[in-house]
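These are the residues of each chain, in order.
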Amino acid sequence: MRHLALCLALATASGCTVVNSVTLPSVADGKDVFVTAGDIADPHDVLGLIQVTRSGVLLFGNIDVVGTDLEAGFKDVLLPKVREMGGDGVVRVRFHMTQYTPVARVLGVLFFFVPLPSSVVITGQVVKLRNANPALSPGMVH
Amino acid sequence: MKRLALLFLVASALTGCNAVSKGSRLSNRPMDSGGVYLTTGDAPKRFRTVGFVQVRGYGVEVAGYADVGDAQLDGTIKGAMVREALRLNGHGVIHIEFEDENPSSDVERAQGLANSFSNLSTGKGGVETKDRYVSATGEVIQFLE
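Residues numbered from 1 in each chain as written. Chains lettered and ligands numbered in written order. Predicted model: local features only at pLDDT ≥ 70, side-chain atom pairs only at ≥ 80, totals over all residues.

**Considering the overall build of chain A**
On a plain count of helices and strands, chain A comes out with three helices and six strands. Considering chain A as a whole, with its 142 residues, one finds that 32% of them fall into the buried category. Within chain A, contacts between residues at least 6 apart in sequence are counted, and of these 84% link residues at least 24 apart. (Helix = DSSP H or I, 4+ residues; strand = E, 2+ residues; numbered from the N terminus. Buried ≥ 20, exposed ≤ 12 C-beta atoms within 10 Å, placed from the backbone. Contact = placed C-beta atoms within 7 Å.)

**Notes on the sheet that holds strand 6 (residues 116-129) of chain A**
Residues and elements named next belong to chain A. Read across the sheet, five strands follow the order 2-5-6-3-4 without closing on themselves; strand pairing throughout is mixed. Because the sheet does not close on itself, it has two edges, and the strands there are strand 2 (34-35) and strand 4 (63-64). Sheet topology note: the strand 3 (residues 44-59)/strand 4 ladder contains two bridges and is antiparallel. From the neighbouring strand, L58 faces strand 4, where its bridge partner is D64. Across the sheet, helix 2 (residues 70-85) lies against strand 2, strand 3, strand 5 (89-97) and strand 6, angled at about 145 degrees from strand 3, the strand it touches most. (Pairing = 2+ DSSP bridges. Axes fitted to C-alpha atoms, helices over the stretch in contact; angles between N-to-C directions.)

**Remarks on the environment of B:S105**
Residue and element names in this part refer to chain B. Of note, S105 is situated in the loop between strand 4 (92-100) and helix 3 (106-122). A sequence separation of 21 residues divides S105 from E84, and the C-alpha atoms of the two residues are 31 Å apart. Excluding anything up to four places from it in sequence, S105 contacts C17, N18 and A19.

**Details of unusual backbone geometry**
Residue and element names in this part refer to chain A. Backbone geometry places R92, a non-glycine residue, at a positive phi of 50 degrees. Within the fold, R92 resides in strand 5. Residue class for R92 comes out partly exposed when judged on the 15 C-beta atoms lying within 10 Å of it.

**Brief notes about the confidence of the model for chain A**
Residues at a pLDDT of 70 or more form 78% of chain A, whose mean pLDDT is 82. Averaged pLDDT values over the elements of chain A bottom out at 50 in helix 1 (residues 2-13) of chain A and peak at 94 in strand 5 of chain A. (pLDDT = per-residue confidence, 0-100.)

**Digging into the pairing of strand 5 of chain A**
Residue and element names in this part refer to chain A. Inspection of the sheet shows strand 2 paired to strand 5 by two bridges, in the parallel sense. Note on strand 5: the bridge partner recorded for F34 is G89. As judged from the seven bridges shared by strand 5 and strand 6, these two strands associate in the antiparallel manner. Looking at strand 6, one finds that V90 is bridged to V126.

**Thoughts on helix 2 of chain A**
Each α-helix turn comprises 3.6 residues. Residues three or four places apart therefore point the same way. Residue and element names in this part refer to chain A. For helix 2, built from 16 residues, the straight-helix expectation of 22 Å at 1.5 Å per residue is met to within 8% by its first-to-last C-alpha distance of 21 Å. Along its length, helix 2 shows its largest kink, about 30 degrees, at L78, and proline P80 lies within four residues downstream of that point. Within the span of helix 2, buried status applies to L70, G73, F74, L78, L79 and V82. Count one or two residues on from helix 2 and you reach G86, which has phi positive near 80 degrees. (Expected span 1.5 Å × (residues − 1). Bend = angle between axes of the 7 residues up to and from the residue.)

**Looking at helix 2 (residues 73-87) of chain B**
Residues and elements named next belong to chain B. Between the first and last C-alpha of helix 2 there are 20 Å, a value that for 15 residues agrees with the 21 Å anticipated at 1.5 Å per step. Most pronounced at M81, the bend in helix 2 amounts to some 30 degrees. Burial in helix 2 covers these residues: T76, I77, M81, V82, E84 and A85. Of the residues flanking the end of helix 2, it is N89, one or two places downstream, whose phi is positive at about 60 degrees.

**Here's the deal with the confidence of the model for chain B**
Looking at chain B as a whole, the pLDDT averages 85, with 89% of positions reaching at least 70. In the predicted complex, the global pTM is 0.81; the interface-specific ipTM is 0.78.

**Brief notes about the environment of A:V106**
Residue and element names in this part refer to chain A. Relative to the assigned elements, V106 resides in helix 3 (residues 102-110). Residue class for V106 comes out partly exposed when judged on the 14 C-beta atoms lying within 10 Å of it. Note: C-alpha distance between V106 and V121 (15 residues apart in sequence) is 25 Å.

Here it is in structure tokens:
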């Protein structure tokens, strides 16, 4: 019986990698906000620091009601705030979102009356380019 | 009293044990040809950002020594993160940040092994297991040249 439990544990443990990503094409063309985890060499003014946090729960272990993933964090929260600040982009971005393993999500379904807490946090430095040049990209290495 | 002192000494000696998690090397600079470029720093040449990725590998440490699952730095960064970068049509991942969330020190591993033997020999409980997590984030890029 114990061996069976161990086998089950090993089976559930195998191949449990959670991957989340967001597609965020960033070109400093003045039309949209660029985002990079590094720095830029182009002359710029620093408008300030920013941290956005969106918290919520996963209903039944899977249903993300308010959107607490990278997609929502970047596109629905960070970018609008940067536009509000008058920024052209965000540099030195750091981010983290809650990631549950498939096993935890299954438990969330079984114990549906206890929603799983979830959040995404993004920090960065908002900048405004002094000479917006459509030919340059934020990732340009000089 | 002597036993207590000995216990205290042993406990003191065990306190502050290091837990070291290792991963194999990432990409060289200047970059080698082929493969997805991986670095904890900046890109070696001009690029544009494609997106961002976060990976969390889960595994189980069995009896203090056997690691089962995906909670290793190499599997998380060179496996899942690279696959996601390729899915996004990326050429590389830069500014990679990683963390082994709950590494075991040598003492904890030995303790896990000892407890497992003890449990099995006495018939009380089974093999000791510990959930393990490794997470990593990075910026997916495409080179412009």
